[in-house]
Amino acid sequence: MKKLVFLLSLAFCLSACSAEEEKTAGEDLQRAENVTLFESKDSQHKWMLRAEKVDFDDLNSAVLHNPHLLLRENGKDSAEVSGQRGTFDYAKKLVSIEGNALVKSFTEQVTLATDRFFYDVDKDRIWSDKKTIVTRATAKITARGGIETDSKLTQIEFKKQSTQLPKNLKEVQGVRP
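A quick note: this is a predicted structure, and the numbers were derived from the prediction, not measured.

**Considerations on the overall build of the protein**
Now for step 1: For the protein, the count of helices and strands is one helix and 15 strands.
Now for step 2: About 10,600 Å² of surface is accessible on the protein, with carbon and sulfur atoms providing 50% of the total.

**Some points on the pairing of strand E5 (residues 68–73)**
Now for step 1: Pairing of strand E3 (residues 44–55) with E5, which is carried by four bridges, proceeds in the antiparallel orientation. Counterpart to leucine 49 in the pairing with E5 is leucine 69.
Now for step 2: Of the strand pairs in this sheet, E5 and strand E6 (residues 76–82) are connected by six bridges, and their pairing is antiparallel. Bridge assignment links arginine 72 to a residue of E6, and that residue is aspartate 77.
Now for step 3: Here E5 hands over to E6 after two residues, with asparagine 74 in that stretch at a positive phi of 55°.

**Concerning the side chain of serine 96**
Now for step 1: Summarising the element assignment, serine 96 is placed in strand E8 (residues 94–105).
Now for step 2: Serine 96 has contacts with Arg85, Gly86, Thr87, Phe117 and Phe118, leaving out every residue within four places of it along the chain.

**Re the confidence of the model for the protein**
Low pLDDT marks regions whose predicted coordinates should not be analysed in detail.
Now for step 1: On average, residues of the protein score 82 in pLDDT, and 79% of them reach the 70 mark or higher.
Now for step 2: Here residues 12–26 is modelled with pLDDT under 50, and outside its nearest four sequence neighbours on either side it reaches 24 contacts, counting other chains as well.

**Brief notes about the pairing of E3**
Now for step 1: In this structure, E3 lies alongside strand E4 (residues 61–65), joined through three bridges in antiparallel fashion. Bridge pairing in E4 places lysine 53 opposite histidine 65.
Now for step 2: Between E3 and the antiparallel strand that follows it, E4, lie five residues.

**Considering the environment of arginine 136**
Now for step 1: The topology assignment puts arginine 136 in strand E11 (residues 132–136).
Now for step 2: Residues arginine 136 and valine 110 lie 26 residues apart in sequence; the distance between their C-alpha atoms is 4.9 Å.

**Examining the pattern of salt bridges**
Now for step 1: Counting across every chain of the model gives eight salt bridges.
Now for step 2: Residues lysine 46 and glutamate 39 are paired through a salt bridge, measuring 3.9 Å at the closest nitrogen-oxygen approach.
Now for step 3: We classify glutamate 39 as buried; its relative accessible area is 3%.
Now for step 4: A salt bridge links glutamate 73 to lysine 152, with the shortest nitrogen-to-oxygen separation between them at 3.9 Å. Taken together, the residues span a long stretch of sequence, with glutamate 73 in strand E5 and lysine 152 in the loop between strand E13 (147–150) and strand E14 (156–158) at a distance of 79 residues.
Now for step 5: For lysine 152, a relative accessible area of 27% gives the class partly exposed.

**Topic: the nonpolar core**
Now for step 1: Among the nonpolar cores identified, the biggest contains 31 residues, and Trp47 and Phe88 are the most heavily contacted of them.
Now for step 2: Elements with a minimum of two residues in this core: strand E2 (27–41), E3, E4, E5, E6, E8, strand E9 (111–120) and strand E12 (139–143).

**With respect to the packing of aromatic side chains**
Now for step 1: The tally for this structure, following the rule as stated, stands at three aromatic pairs.
Now for step 2: A ring pair is formed by tryptophan 47 and phenylalanine 88, whose centres lie 6.3 Å apart and whose planes are at 45°; its orientation type is tilted. You can see tryptophan 47 sitting in strand E3 and its partner phenylalanine 88 sitting in strand E7 (residues 85–89), a full 41 residues away along the chain. The exposure classification of tryptophan 47 matches that of phenylalanine 88, with both residues buried.
Now for step 3: Plain terms: the ring middles of phenylalanine 88 and tyrosine 90 are 5.8 Å apart, the flat faces sit at 65° to each other, and that makes the pair edge-to-face.

Here is what the cut-offs are and how they apply
Residues numbered from 1 in each chain as written. Predicted model: local features only at pLDDT ≥ 70, side-chain atom pairs only at ≥ 80, totals over all residues. Heavy atoms only, no water. Helix = DSSP H or I, 4+ residues; strand = E, 2+ residues; numbered from the N terminus. Areas by Shrake-Rupley, 256 points an atom, 1.4 Å probe, with all protein chains shown as cover. Pairing = 2+ DSSP bridges. Contact = heavy atoms within 4.5 Å. pLDDT = per-residue confidence, 0-100. Salt bridge = Lys/Arg side-chain N within 4 Å of Asp/Glu carboxyl O. Buried < 20%, exposed > 50% of the residue type's maximum accessible area, 1.4 Å probe, protein only. Core = buried A, V, L, I, M, F, W, Y, C linked by side-chain atoms within 4.5 Å. Phe/Tyr/Trp six-rings, centres within 6.5 Å; stacked < 30°, edge-to-face > 60°.

Given below as structure tokens:
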């Protein structure tokens, strides 16, 4: 696992070194475009983090522009977390994605929406600390204090919730129980 972290860090550094340096507001900034990071297990990607642009301000973290975190289970895409910006903390292996942040589950047909989501690579957990709206078909649940879930979105813990139920069962037909 330590080798993986080292390889990911090395990939970031190599991408940064090959990227053009841009100057913004008097600061040196290294930026790479179309960056993809991933972790594999048994020749399968567990997760893939893509960003249109990545700023390497320091050796501890990277700033992500238009990030998309693809989570995989048994070789298949299970969920995607996306937003306008984010960060990746190398040492903590923590991804944050914010700005109209969405989580879409491909396996559970659930969508989560909030200002900011976090993903802990080691614990394989997604959470938010702000008002989060969970939508499945026409049913909506508002978790005023955020949510916490596994990457498969099969068990979601709601913090300070309120629920809007569908008007009839036909509205949720075709959705797996």
